[in-house]
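Here is how the chains run, residue by residue.
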Amino acid sequence: MELKKVVLNDLHAALGAKMVSFAGFNMPVRYSSDIEEHKCVREAVGVFDVSHMGEFSVKGPGALDLIQRIVSNDAAKLFDGKIQYACFPNETGGIVDDLLVYKIAEEDYMLVVNAGNIDKDWAWVNKFNTTGVKLENLSDQISLFAVQGPKAVEVIQQLTTVDVKAMEYYTFTTATFAGIDNVIVSATGYTGAGGFEIYVPNKDAEKAWKAIFEAGAAYGIKPIGLGARDTLRLEKGYCLYGNDIDDTTSPIEAGLGWVTKFTKKFTNSDALLKQKEAGVSRKLIGFKMIERGIPRSHYEIVDAQGNKIGEVTSGTQSPMLGIGVGMGYVKPEFAAIGAEIFIQIRDKQLKAEVVKFPFV
Amino acid sequence: MNFPSELNYTKEHEWIRLEGDTAYVGVTDFAQKELGDIVYVDITSTGNDLGADEIFGTVEAVKTVSDLFLPIAGKVLEVNPLLEAKPDLVNSDPYGDGWMIKLKVANPADVAGLLSMEAYTKLIGV
């Protein structure tokens, strides 16, 4: 299959990015150094081109009702300009995808989904649209830039008249941005460093990108690749679909109970409620290495006797902490904060400790 | 990128510098660049007699883990002690302070079977 390209593909290559195949797209994984880029976001401001992400418009009579039937969170709680994190549970106990739900106006929503799941999600939403809600897949029309870090607010404020400093986390507004009309400025991100995500029409992508870099020059703004995006999200314990959650992991097991609201019926909600009440057979935990080693996806988690108790789903050496950190599923009796576990790294079983998220 | 002509190379992106019947082994400038920031060099084969192409350790970057393959048969004498605290020397000085192991070579003539600088650069297309 031919890789899809984001609008600014050639610009990233010209900036020296190493491009890799990710979720069907040719994407910048690194411009200079994963660690430098990571620290740039934690300490100043960096920009990710995440235009590969998918956007669906869900509009018209029945829009809220459709969303309520397929997402785990309670979208009735949304007000205009408010965003919710949620997942699409499947019918067999797993997760189709995790997503953001934007309420634009009454019966007017935008769903933002993972790039690798766009086709699957689109089919999923359509399958449950039995009431003729107007659905539109806007994924190929919208570019998305995540401007993240403690200096992001200073950068973004130069480009719009909206008081972005006053915007609360998980809210958005439609504004004129860098002279471009109808841009969604969203106080969200996947780094835990603060900042904004900017949705622009593809035709204005280059203009927006350049304006962001001009406004950020004084703050040391840099382009950031997917490599640092992964280590940044991992330091905060945010799930990555395909690693930490997938078609077989339940939202309860994954610690997504906080976005799984049994105030209404949704896909598989009866079974998930039973699971919540009866208890799960595995739980997603965060752990840090006590002995030196770097956990990686699919490494076994074992007990002191070497018996397998689970599996790592994400891991790296934290650029900020300089030690190995990871996420993984274990049997519930090993999931308590402070529990001692071991990670099988090549021929060694190295000690680790279950800790609370975030790591940083 | 830099590929000294006095070294020999492998298709797995190691280099070897022969000094009599001992040799230094590391990874190439191309390898370190592809891997990205090196955060850990895990070599526990000191004292082991290994054959050519056997794994002598592992190098870990932020995003990837790669096995290290011995260019020619020999006994691992020493792991570069600098790499414990500064694995990023592999990035900044891959042929100098970023060397990985010192090897007692079984048969110095074996290097003749490895790649020259010209053959290696042709292989990686630079």
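Residues numbered from 1 in each chain as written. Chains lettered and ligands numbered in written order. Predicted model: local features only at pLDDT ≥ 70, side-chain atom pairs only at ≥ 80, totals over all residues. Heavy atoms only, no water.

(A) Quick look at the overall build of chain B. A tally of helices and strands in chain B yields four helices and nine strands. Computed over C-alpha atoms, the radius of gyration of chain B comes to 13 Å, within 12% of the 14 Å expected from 2.2 N^0.38 for 126 residues, which places it in the range of a compact globule. Taking the principal axes of the C-alpha coordinates as reference, chain B spans close to 35 × 35 × 20 Å. Looking at chain B as a whole, 50% of its 126 residues are labelled buried. Pairs at least 24 residues apart make up 62% of the contacts formed inside chain B by residues separated by at least 6 positions. With the model as given, the accessible surface of chain B reaches about 5,600 Å², and the carbon-plus-sulfur share is 49%. Charge separation in chain B, taken as the distance between the mean sites of 9 positive and 21 negative side-chain charges, equals 2 Å. (Helix = DSSP H or I, 4+ residues; strand = E, 2+ residues; numbered from the N terminus. Rg over C-alpha atoms; globule rule 2.2 N^0.38 Å. Buried < 20%, exposed > 50% of the residue type's maximum accessible area, 1.4 Å probe, protein only. Contact = heavy atoms within 4.5 Å. Areas by Shrake-Rupley, 256 points an atom, 1.4 Å probe, with all protein chains shown as cover. Lys, Arg positive; Asp, Glu negative; His and termini not counted. Charge placed at Lys NZ, Arg CZ, Asp CG, Glu CD.)

(B) Molecular detail of the side chain of A:Ser33. Along the polypeptide, A:Ser33 turns up in the loop between β3 (25-30) and α2 (34-43). Reaching out from A:Ser33, the side chain makes a polar contact with the backbone nitrogen of A:Glu36 at a distance of 3.0 Å. Polar side-chain contacts of A:Ser33 include one of 2.7 Å to the side chain of B:Asp37. (Polar contact = N/O pair within 3.5 Å; in protein donor to acceptor, adjacent residues only side chain to side chain.)

(C) Structural view of the interface of chain A and chain B. Taken residue by residue, the interface counts 18 residues in chain A and 18 residues in chain B. Across the chain A/chain B interface, buried area totals approximately 1,500 Å², and carbon plus sulfur atoms make up 39% of it. Looking at the side of chain A facing chain B, the largest losses of area belong to A:Arg292, A:Arg296 and A:Arg346, adding up to 38% of the total buried there. Between chain A and chain B we count seven salt bridges in total. Summed over the shared surface of chain A and chain B, the result is 18 residue pairs in polar contact (both at pLDDT 80 or more). If you list the elements that add at least two residues to the side of chain A that touches chain B, you get α2, α7 (226-235) and β17 (308-317) of chain A. Each residue belonging to the side of chain A that touches chain B can be placed in one class, and the counts come to three nonpolar, six polar and nine charged. (Buried area = accessible area lost by both parts, 1.4 Å probe. Salt bridge = Lys/Arg side-chain N within 4 Å of Asp/Glu carboxyl O. Nonpolar A, V, L, I, M, F, W, Y, C, P; charged D, E, K, R; others polar.)

(D) Region of the structure containing helix α4 (residues 118-128) of chain A. Residues and elements named next belong to chain A. Residues of α4 that are buried include every one of Ile118, Asp121, Trp124, Val125 and Phe128, and no others. The buried residues of α4 all sit within an arc of 130 degrees when viewed along its axis, so they share a single face. On its buried face, α4 is in contact with β5 (54-59), α3 (63-70), β6 (83-89), β7 (95-105), β8 (108-113) and β9 (134-137). (Arc of directions from axis to C-beta.)

(E) Region of interest: the domain arrangement of chain A. Residue and element names in this part refer to chain A. Looking at the assigned domains, one finds that chain A contains domain 1 (4-51 + 140-235), domain 2 (54-137) and domain 3 (281-355). The centre of domain 1, based on its C-alpha atoms, is set 32 Å off from the matching centre of domain 3. With nine residues of domain 1 at the contact, the number on the domain 3 side is eight residues. In total, about 720 Å² of surface goes out of reach between domain 1 and domain 3, with carbon and sulfur atoms giving 74% of it. Taken together, the connections running from domain 1 to domain 3 amount to zero salt bridges. At the junction of domain 1 with domain 3, the criterion picks out three residue pairs in polar contact (both at pLDDT 80 or more). (Domains from an automatic or database assignment.)

(F) Representation of the sheet that holds strand β11 (residues 172-177) of chain A in the model. Residues and elements named next belong to chain A. Across the sheet, which stays open at both edges, the six strands sit in the order β11-β12-β13-β10-β4-β14 with mixed pairing between neighbours. Edge positions in the sheet fall to β11 and β14 (222-223), since each of these pairs with one other strand and no more. Bridge count between strand β10 (residues 142-148) and strand β13 (residues 195-201): seven bridges; the pairing is antiparallel. In the sheet register, phenylalanine 145 faces β13, and the bridge partner there is isoleucine 198. (Pairing = 2+ DSSP bridges.)

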